[in-house]
Amino acid sequence: MYAASRKTNKRLISALLNTVMYASLFVALFPVLWMVMTSFKTSWDAQALPPIWFFTPVLENYANLFGGGGNSGDFTVLLMNSTIVALASTILSVVCGALASYSLSRFRTKRSKDIAMWILSTRMFPPAATLIPVFMMMNWLNLMDTYAALIIPYTAFNLSFVVWMLKGFFDEIPKDLEESAMVDGCTRFQAFRRVILPLVAPGLAATAIICLMFSWNEFMFALVLTRNEAVTAPIIANQFVTMYGIQWGELTAASTLMTAPVLVFAILVRNHMIKGLTFGSVK
């Protein structure tokens, strides 16, 4: 009797937890679902109140984004600019940050903690406070409205995060692994590349995702440092908020297209994160 009661209680608790989990998942995904649905509505249906739940999907908003009308121009160019800037800044941040964090983890000096804290303090500095100095610097270097004008500050702001994120992963890996590799004939860099990096693959993947999301979604620097040639996709959102109202159809279509690449990248890198967890130190 007691055992049956315990089983019943466990089932009730499990059902309650599942209900809470699915409810939380629905609350989290509903804005995304609403955004995608609105992007396939006509301009009239997108602004209708109360909302229209059943409608005939149209591609009018996406056609306007890709040069078929509206005031946004060709969205393909903006997506290409965002892709180049985001990937370049992410690769530079992860490569430089991995080398720096490995050095801080393995080569301890009297000033190692001070250097690490100084790197962390740059993350605490608000990016808005650096906007005017960065603008003056890029203008002096004749880099305004170029990819470099965005890649350089994005890399600088991501670098401190990458260093501190990866340093924790490197600290957890025993030094005996790379020392054994060097005894077998590897150089320090070969041991780092062949032994250590595969073990921190989950950390590299997670760090790259966060850096990519920051660079892909950044608005303030892209608005100030670009004009025509290097304008990125987030800037287009500003064009759909006009004095006559908000163009919800085009705005949600642009948001859907800006969300999709990051989501696909996260799904692809997730496989590498799971694979990295299976790597071991024993052959």
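Here, the structure is the one placed above.
Every chain is numbered on its own, with residues counted from 1 as its sequence reads. Selection of residues for local features in this predicted model requires a pLDDT of at least 70, selection of side-chain atom pairs for listing and counting requires 80 or more, and totals for whole chains, interfaces and linings are taken over all residues. As a rule here, side-chain values come from all non-hydrogen atoms in the structure, and water together with hydrogens is ignored.

Engineer: Hey, could you run me through a nonpolar patch on the surface in this one?
Structural biologist: A contiguous nonpolar surface patch, about 470 Å² in accessible area, is contributed by Leu 87, Ile 91, Val 95, Leu 99 and Phe 189. With 4 residues, helix 4 (residues 75-106) is the single largest residue contributor to the nonpolar patch. Along the chain, Val 95 turns up in helix 4. Patch membership needs two things, relative accessible area over 30% and no salt bridge, and members are linked within 9 Å if like-charged or within 5 Å if nonpolar (Val, Leu, Ile, Met, Phe, Trp, Tyr). Note on areas: Shrake-Rupley with a 1.4 Å probe; residue coverage comes only from the protein chains shown. Any carboxyl oxygen of Asp or Glu within 4 Å of a side-chain nitrogen of Lys or Arg constitutes a salt bridge here. Starting at the N terminus, helices and strands are each numbered in turn, a helix being any DSSP run of H or I of at least four residues and a strand any DSSP run of E of at least two.

Engineer: Sorry if this is basic, but what is going on with the nonpolar core here?
Structural biologist: Nonpolar side chains in soluble globular proteins generally cluster together in the buried interior. Working definition of a nonpolar core: buried Ala, Val, Leu, Ile, Met, Phe, Trp, Tyr and Cys residues. They are joined through side-chain atoms within 4.5 Å. When accessible area is computed with a 1.4 Å probe and restricted to protein chains, residues below 20% of their type maximum are described as buried, those above 50% as exposed, and intermediate ones as partly exposed. Counting residues in hydrophobic clusters, the biggest one holds 30 residues, and the most contacted among them are Leu 65, Phe 75, Leu 150, Phe 221, Leu 225, Ile 236 and Ala 254. Only helix 3 (60-65), helix 4, helix 6 (131-140), helix 7 (147-172), helix 10 (201-217), helix 11 (220-225) and helix 12 (248-277) provide two or more residues apiece to this core. Not counting residues within four places of it along the chain, the set of residues in contact with Ala 254 comprises Leu 65, Phe 75, Ile 236 and Phe 240. Here, two residues are considered to be in contact whenever any of their heavy atoms come within 4.5 Å of each other.

Engineer: Mind showing me how you'd approach the pattern of salt bridges here?
Structural biologist: Oppositely charged side chains are able to pair whenever their charged atoms sit close together. Under the counting rule described, the total for this entry stands at 3 salt bridges. Linking Glu 178 and Arg 106 is a salt bridge whose minimum nitrogen-to-oxygen distance equals 2.6 Å. Pair noted here: Glu 178 is in helix 8 (residues 175-183) and Arg 106 is in helix 4, with a separation of 72 residues, a long-range link. A single burial state applies to Glu 178 and to Arg 106, both of which are buried.

Engineer: Help me understand unusual backbone geometry in this model?
Structural biologist: Across the chain, the bulk of peptide bonds are trans and the bulk of non-glycine residues have phi less than zero. Non-glycine residue Asn 142 carries a positive phi angle of around 60°. Overall, Asn 142 belongs to the exposed group, its relative accessible area being 66%. Notably, Asp 145 is not glycine yet its phi reads approximately 60°, a positive angle. Tracing the backbone through its elements, the reader meets Asp 145 in the loop between helix 6 and helix 7. Here Asp 145 falls in the buried class, since its relative accessible area comes to 14%.

Engineer: Help me out: how do you make sense of the side chain of Asn 61 in this one?
Structural biologist: Residue position: Asn 61 is located in helix 3. Judged by relative accessible area, which is 0%, Asn 61 ranks as buried. What Asn 61 contacts, discounting residues up to four positions off in sequence, is Thr 38, Ser 39, Phe 40, Lys 41, Ser 43, Gly 249, Glu 250 and Ala 253.

Engineer: What is the right way to look at a positive patch on the surface in this model?
Structural biologist: Together, Arg 6, Lys 7, Lys 10 and Arg 11 give the surface a local cluster of positive charge. Relative to the helices and strands, Arg 6 is located in helix 1 (residues 2-39). Look at Arg 6 and you get partly exposed, because its relative accessible area is 44%. The positive count covers Lys and Arg only, the negative count covers Asp and Glu only, and His and the chain ends enter neither. A charge is said to be at NZ when it belongs to Lys, at CZ for Arg, at CG for Asp and at CD for Glu.

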